[in-house]
Amino acid sequence: MQWEVVIGLETHAQLQTKSKIFSGASTAFGAEPNAQASAVDIALPGVLPVLNRAAVECAIRLGLAVGGRVAPRSIFARKNYFYPDLPKGYQISQYETPVVAGGSLSIIVGQGQERYEKTVQLTRAHLEEDAGKSLHEDFHGKSGIDLNRAGTPLLEIVTEPDMRSAVEAVAYAKALHALVQWIGICDGNMQEGSFRCDANVSVRHKGSEKLGTRREIKNLNSFRFMQQAIDYEVKWQIATLEDGGRIEQATVLFDPDTGETRSMRSKEDAQDYRYFPDPDLLPLEIGQDWIAKVKADMPELPAEMKLRFETAFGLSAYDAAALTATLATARYYENSVAAAGEENAKLCANWMMGELAARLNREDRDIRDAPLSPAQLGHLVLRIADNTISSKIAKEVFDALWNGEAKDADAVIAAKGLKQISDSGALEALIDEVLAANPKSVEEFRAGKEKAFNALVGQLMKATQGRANPQQVNELLRKKLL
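These numbers come from a predicted model, not from an experiment.

### Comments concerning the overall build of the protein
And step 1. The helix and strand tally for the protein stands at 15 helices and 17 strands.
And step 2. Over its C-alpha atoms the protein spans a radius of gyration of 29 Å, topping by over 25% the 23 Å that the globule rule assigns to 482 residues.
And step 3. Principal-axis analysis of the C-alpha atoms gives the protein an extent of 95 × 55 × 50 Å.
And step 4. Here the protein, with 482 residues, has 46% of them falling under the buried criterion.
And step 5. When contacts within the protein are restricted to residue pairs at least 6 apart in sequence, long-range pairs at least 24 apart make up 68% of them.

Following this line, the structure appears as structure tokens:
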């Protein structure tokens, strides 16, 4: 039986504001439990919430970035439910009229020839406050409640059920993760809970228009866990249906230790929360002048920068997409090109996507933590382009710079005597010596064996410890042999 997977994601992005969404309490991470819970956050009698303007501007930024509609008038509502870490007994959120409606995000899925582009449609993005946190460890069999997170500003970004595999869901989550950091509204720190995803997963027969019953996997805080959780949930749902069972709508948790999802509670619908407009908060009104002001302060967006890289630097769409995957990567590339010159932009791209990316991946580093600065890479590329060193020798220089042995490529080249031999007279003398020492290879080449030519080139490079200019060696050697 053929099945189709249907996935929608709800992402909670913690907004980068200094204070909470409805109070002046700090949002800094790592404080002692309950040290940052103000009277407003814990709903003491007589307190009133006041909306944080910076949080609204973060929402406007997201709306502009995804091409959504920023609502001129939106409403805050009370979402009523009971949980020990929800001090008010309700959460202030938005329901019927969110601050952002619609929009989309283009993603790149897969690798190599299986790579394709897909557009994920967004339903909405709405502002809300976070709840506190229940702590279940080191309390002698009891639970503790930390309300530091209560009232922290969140932007919940909801997709349409557009994704058809865990791979697509992860690609979308990574693209959104990069975007919210790019536009400066969220630090994206998944370990600290700044970026959390809930995945709504269902399956249906291929060709069916009707959606299957969904189960929501809560609080996925790593891309690896997201893929594992969705893959397991899909297999479980298909196996259940094929065994004659039925799927009950539920909220489930993923256990990384077992690699399985388990039901936590039956899934609530909107009516279960008894939403109603918050009587303490006026409607949020956003005029076009406010939107224009936020837009003027926005950075160049990834799609715009990608197109510029293709046009200005002659990069392929694939290269430009890879180099604008994150703002840090794009800035690194631009700064390396500034050091190497625009005529060497493609060579900079090759080195970033090749040697630099491989080294970062091998050492599990972020590009922001690379020991090699953009200027150092650009200067190294410049020395390859002007034939001071060969590409092969450049890898040795790269290693030395990475390990902090010198401040720039010139210092490494001078200290190790790596300058490329490009003097025709010196190369011709070396070629004569190699030809005299390898008569059999000469004879084989003249008999039509091209491999013999490569063997002679290898001998020459060995004799010069890789410092001979490869292009000149090939030209002069062939001229001598013919």
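Having put the structure on the table, let's press on.
### Overview of the pairing of strand 7 (residues 104-109)
And step 1. Side-chain alternation along strand 7 places L105, I107 and V109 on a buried face and S104, S106 and I108 on a face that remains uncovered.
And step 2. Across six bridges, the pairing between strand 7 and strand 8 (residues 116-129) is antiparallel. Following the sheet pairing, I107 is matched in strand 8 by K118.
And step 3. Linkage of strand 7 to strand 8, two consecutive antiparallel strands, is achieved through a turn of six residues, within which G110 is found at a positive phi near 85°.

### Focus on the side chain of D198
And step 1. Mapped onto the elements of the fold, D198 is located in strand 12 (residues 195-205).
And step 2. Overall, D198 belongs to the buried group, its relative accessible area being 0%.
And step 3. In terms of polar contacts, D198 uses its side chain to reach the side chain of K218, at 3.1 Å.
And step 4. Setting aside anything within four residues of it in sequence, one finds D198 in contact with G8, L9, E10, H12, E216, I217, K218 and N219.

### Considerations on the sheet that holds strand 4 (residues 77-80)
And step 1. Spatially, 5-4-16 is the arrangement adopted by the three strands of the open sheet, whose pairing is antiparallel. For this open sheet the edge positions go to strand 5 (90-93) and strand 16 (276-277), each flanked by a neighbour on one side alone.
And step 2. As paired elements, strand 4 and strand 16 share two bridges and run antiparallel to each other. Pairing of A77 across the sheet is with P277, part of strand 16.

### Here's the deal with the nonpolar core
And step 1. Formed by 109 residues in total, the largest nonpolar core has its most connected members in L127 and Y333.
And step 2. When residues of this core are assigned to their parent elements, the largest contribution, ten residues, is made by helix 2 (residues 166-182).
And step 3. If we skip the residues at most four places from it in the chain, L127 touches L15, I21, A55, V56, A59, F76, S93, Q94, V99, L154, L155 and L284.
And step 4. Judged by nonpolar contacts, the second largest core, of 15 residues, contains A452, L456, V457 and L477.

### Looking at the packing of helix 9 (residues 374-385) against helix 10 (residues 391-402)
And step 1. In contact at an axis separation of 10 Å, helix 9 and helix 10 are set at 160° when each is read in the N-to-C sense. With respect to each other, helix 9 and helix 10 are oriented roughly antiparallel. Crossing geometry of helix 9 relative to helix 10 is assigned as right-handed. Two secondary-structure elements touch here, helix 9 through Q376, L377, L380 and I384 and helix 10 through S391, A394, V397, F398 and L401.
And step 2. Residue composition of the contact of helix 9 with helix 10, grouped by class: seven nonpolar, two polar and no charged.

### Topic: helix 9
And step 1. End to end, helix 9 covers 16 Å across twelve residues, agreeing with the expected 16 Å (1.5 Å per residue, within 8%).
And step 2. Of the residues making up helix 9, those classed as buried are P374, Q376, L377, G378, L380, V381, R383 and I384.
And step 3. Summarising the contacts, the buried residues of helix 9 are in contact with helix 7 (327-340), helix 8 (345-362), helix 10 and helix 11 (409-416).

### Focus: the environment of Y332
And step 1. Relative to the elements of secondary structure, Y332 occurs in helix 7.
And step 2. Since its relative accessible area comes to 5%, Y332 is described here as buried.
And step 3. Taking the C-alpha atoms as reference points, Y332 and P374, 42 residues apart in sequence, are found 5.5 Å from one another.
And step 4. Residues within four places of Y332 in sequence aside, it is in contact with M352, L356, I367, L372, S373, P374 and L377.
And step 5. A polar atom in the side chain of Y332 sits 3.4 Å from the backbone oxygen of S373.

Criteria and cut-off values
- Residues numbered from 1 in each chain as written.
- Predicted model: local features only at pLDDT ≥ 70, side-chain atom pairs only at ≥ 80, totals over all residues.
- Heavy atoms only, no water.
- Helix = DSSP H or I, 4+ residues; strand = E, 2+ residues; numbered from the N terminus.
- Rg over C-alpha atoms; globule rule 2.2 N^0.38 Å.
- Buried < 20%, exposed > 50% of the residue type's maximum accessible area, 1.4 Å probe, protein only.
- Contact = heavy atoms within 4.5 Å.
- Pairing = 2+ DSSP bridges.
- Polar contact = N/O pair within 3.5 Å; in protein donor to acceptor, adjacent residues only side chain to side chain.
- Core = buried A, V, L, I, M, F, W, Y, C linked by side-chain atoms within 4.5 Å.
- Axes fitted to C-alpha atoms, helices over the stretch in contact; angles between N-to-C directions.
- Parallel < 35°, antiparallel > 145°, perpendicular 65-115°, else oblique.
- Left-handed = near helix turned anticlockwise from the far one by under 90°.
- Nonpolar A, V, L, I, M, F, W, Y, C, P; charged D, E, K, R; others polar.
- Expected span 1.5 Å × (residues − 1).

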